[in-house]
Amino acid sequence: MNASSAPVADIGDAGRPGSRIPVTTLLAAWRAFAVVFFSACALAEIMAVVLFVRREHRLATRTEWLHRWCRFACRVLGIRVTTHGAMPRSGLLVCNHLSYLDIIVLSSIRPCIFVAKRDVAGWPLFGWLAHAAGTIFVDRQRPLAAPLAVTRIHAAITTGLPVVLFPEGTSSGGSTVLPFKSSLLESAVQLRCPVAVGTVGYALDHGSVADEVCYWGDMTLVSHLLNLFLKREIRSKCSFSHSKIRVGNRKEIARALHDEVVSMRS
């Protein structure tokens, strides 16, 4: 549906008499306001609350806070999430990666800790939320930073919370699953913790998922997000395997997990 044929709403005295604004534009404006305003409120809440929480419970408090915010964000953005299988309650969860929406969708299902590339920390709004939620950031341009990230992942897993890792290292348009980077799977080898596989997918009634929902390549965040606000509904389907102990070194485990993700998506 193009702009000239979009449904419109008469706003009467707002502007010249009888002026009309497309309903999708009003929806996008409301979503932009709601996301920014309530994100600011949520950030103020977590900064105030975390001061009164014992240190050993702070990470769980942060993940529960993000879970509530993401459930709200899904409602506001019109994201309808369905699941096949149960998201694990602990251990490591490895998933394919398509968009920043993956974090919102997965966290709306269950409180969890995310591992993200360092670039995300600098994003407006999303970076602040990620910091507040206790996200583990990894600088993939510095190989020597990987051992520190593994140590932090190791500590997060031992809290009993599920830790979500996107081993592709970047997002894609969804036509394929990129090869898995194995370095951050070292924590699973050392701990012999259970590892589950998850897949995230999206569907639209109108438009291209690869171009309008997936966030990859040289896309820019603000324009991508503004276009996303115009979508009436985005359907997301998440599938999860049973958690199990993986045998082998991290490269062998990475190849096996990649094959499972590809199989689950087919």
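Treat the numbers as computed from the prediction; the structure is a model and nothing was measured.

Chemist: Hey, could you run me through the overall build of the protein in this one?
Modeler: Secondary structure summary: the protein contains nine helices and 10 strands in total. At 20 Å, the protein has a C-alpha radius of gyration in line with the 18 Å of a compact globule built from 266 residues. Across its three principal axes, the protein shows a C-alpha extent of roughly 70 × 45 × 35 Å. The buried share of the protein, taken over its 266 residues, is 47%. For the protein, the exposed surface amounts to about 13,400 Å²; the carbon and sulfur share of it is 59%. Charged side chains in the protein number 30 positive and 18 negative. The centres of these two groups are separated by 6 Å.

Chemist: What is the right way to look at the packing of aromatic side chains in this model?
Modeler: Each pair of aromatic rings is reported with the distance of its centres and the angle of its planes. Under the criterion given, the structure shown has eight aromatic pairs. Both rings, one in W30 and one in F33, keep their centres 6.3 Å apart while their planes meet at 40 degrees; by these two values the pair is tilted. You can see W30 and its partner F33 sitting in helix α1 (residues 23-49), three residues apart, about one turn around the helix.

Chemist: Teacher, can you tell me more about the nonpolar core here?
Modeler: For soluble globular proteins, nonpolar side chains are generally found buried alongside one another. Among the nonpolar cores identified, the biggest contains 54 residues, and W65, Y100, L101 and L106 are the most heavily contacted of them. Here this core gets nine residues from one element, more than from any other, and that element is helix α2 (residues 58-77). Those residues in contact with L106 that sit more than four places away from it in its chain are M87, C95, C112, F114, V164, F166, V200, C238 and F240. I136, V150, A254 and V261 belong to the second largest nonpolar core, which has 26 residues in total.

Chemist: Is there a simple way to think about the side chain of S108 in this case?
Modeler: Tracing the sequence through the fold places S108 in helix α3 (residues 101-109). Judged by relative accessible area, S108 falls into the buried class, the value being 8%. Excluding residues that lie within four positions of it along the chain, S108 makes contacts with H67, C70, R71, C74 and V81.

Chemist: I keep staring at the pattern of salt bridges and nothing clicks. Help me out?
Modeler: Opposite charge on two side chains permits pairing when their charged atoms draw close. A full pass over the atoms with the stated rule returns eight salt bridges. With a shortest N-O distance of 2.7 Å, R68 and E45 are connected by a salt bridge. In this pair, R68 is assigned in helix α2 and E45 in helix α1, connecting sequence segments 23 residues apart. Residue R250 is joined to E186 by a salt bridge in which the shortest nitrogen-to-oxygen separation is 3.4 Å. Pair noted here: R250 is in helix α9 (residues 250-265) and E186 is in helix α6 (residues 186-191), with a separation of 64 residues, a long-range link.

Chemist: Whenever I open this one, the confidence of the model for the protein confuses me. Can you help?
Modeler: Here the protein averages 89 in pLDDT, and 92% of its residues register 70 or above. Of the regions scoring below 50 in pLDDT, residues 1-18 engages in 25 contacts with residues more than four places distant in sequence or in other chains.

Chemist: Even after reading the chapter, I still don't get the environment of V115, so can you show me in this structure?
Modeler: You can see V115 is positioned in strand β5 (residues 113-117). A relative accessible area of 3% means that V115 is categorised as buried. The spacing of V115 and E233 is 118 residues in sequence and 27 Å in space, taken between C-alpha atoms. Once residues lying within four places of it in the same chain are set aside, the contact partners of V115 are I136, V138, I153, V163, V164, L165, F166 and L184.

Chemist: Quick question: what am I supposed to make of a nonpolar patch on the surface here?
Modeler: A cluster of nonpolar side chains, contributed by W30, F33, F37 and F38, occupies part of the molecular surface with about 430 Å² of accessible area. Within the element layout of this structure, F37 appears in helix α1.

Chemist: Could you clarify how one ought to interpret the side chain of S187 in this entry?
Modeler: Tracing the sequence through the fold places S187 in helix α6. At 3.4 Å, the side chain of S187 forms a polar contact with the backbone oxygen of L184. The contacts of S187, once residues within four sequence positions are left out, are V150, I153, H154 and I157.

Chemist: Looking at this structure, how should I read unusual backbone geometry?
Modeler: For L125, which is not glycine, the phi torsion reads 65 degrees and is therefore positive. Mapping L125 onto the fold places it in the loop between β5 and α4 (126-132). One non-glycine residue, R192, lies in positive phi territory at about 50 degrees. Note on placement: R192 falls in the loop between α6 and β8 (194-203). Since its relative accessible area comes to 51%, R192 is described here as exposed.

Chemist: Got a minute to help me understand helix α5 (residues 146-157) in this structure?
Modeler: Within an α-helix, residues lying three or four positions from one another point in the same direction, as the helix has 3.6 residues per turn. The end-to-end C-alpha distance of α5 is 16 Å, a good match for the 16 Å that 12 residues give at a rise of 1.5 Å each. Listed in full, the buried residues belonging to α5 are A146, A149, V150, I153, A156 and I157. In an axial view of α5, the angular spread of the buried residues amounts to 120 degrees, which keeps them on one side of the axis. Opposite the buried face of α5, by more than 90 degrees, sit the exposed residues P147, L148 and T151. Buried-residue contacts for α5 involve β4 (92-95), β5, β6 (136-138), β7 (163-165) and α6.

Parameters at a glance
Residues numbered from 1 in each chain as written. Predicted model: local features only at pLDDT ≥ 70, side-chain atom pairs only at ≥ 80, totals over all residues. Heavy atoms only, no water. Helix = DSSP H or I, 4+ residues; strand = E, 2+ residues; numbered from the N terminus. Rg over C-alpha atoms; globule rule 2.2 N^0.38 Å. Buried < 20%, exposed > 50% of the residue type's maximum accessible area, 1.4 Å probe, protein only. Areas by Shrake-Rupley, 256 points an atom, 1.4 Å probe, with all protein chains shown as cover. Lys, Arg positive; Asp, Glu negative; His and termini not counted. Charge placed at Lys NZ, Arg CZ, Asp CG, Glu CD. Phe/Tyr/Trp six-rings, centres within 6.5 Å; stacked < 30°, edge-to-face > 60°. Core = buried A, V, L, I, M, F, W, Y, C linked by side-chain atoms within 4.5 Å. Contact = heavy atoms within 4.5 Å. Salt bridge = Lys/Arg side-chain N within 4 Å of Asp/Glu carboxyl O. pLDDT = per-residue confidence, 0-100. Patch = residues over 30% accessible without salt bridge, like charges linked within 9 Å, V, L, I, M, F, W, Y side chains within 5 Å. Polar contact = N/O pair within 3.5 Å; in protein donor to acceptor, adjacent residues only side chain to side chain. Expected span 1.5 Å × (residues − 1). Arc of directions from axis to C-beta.

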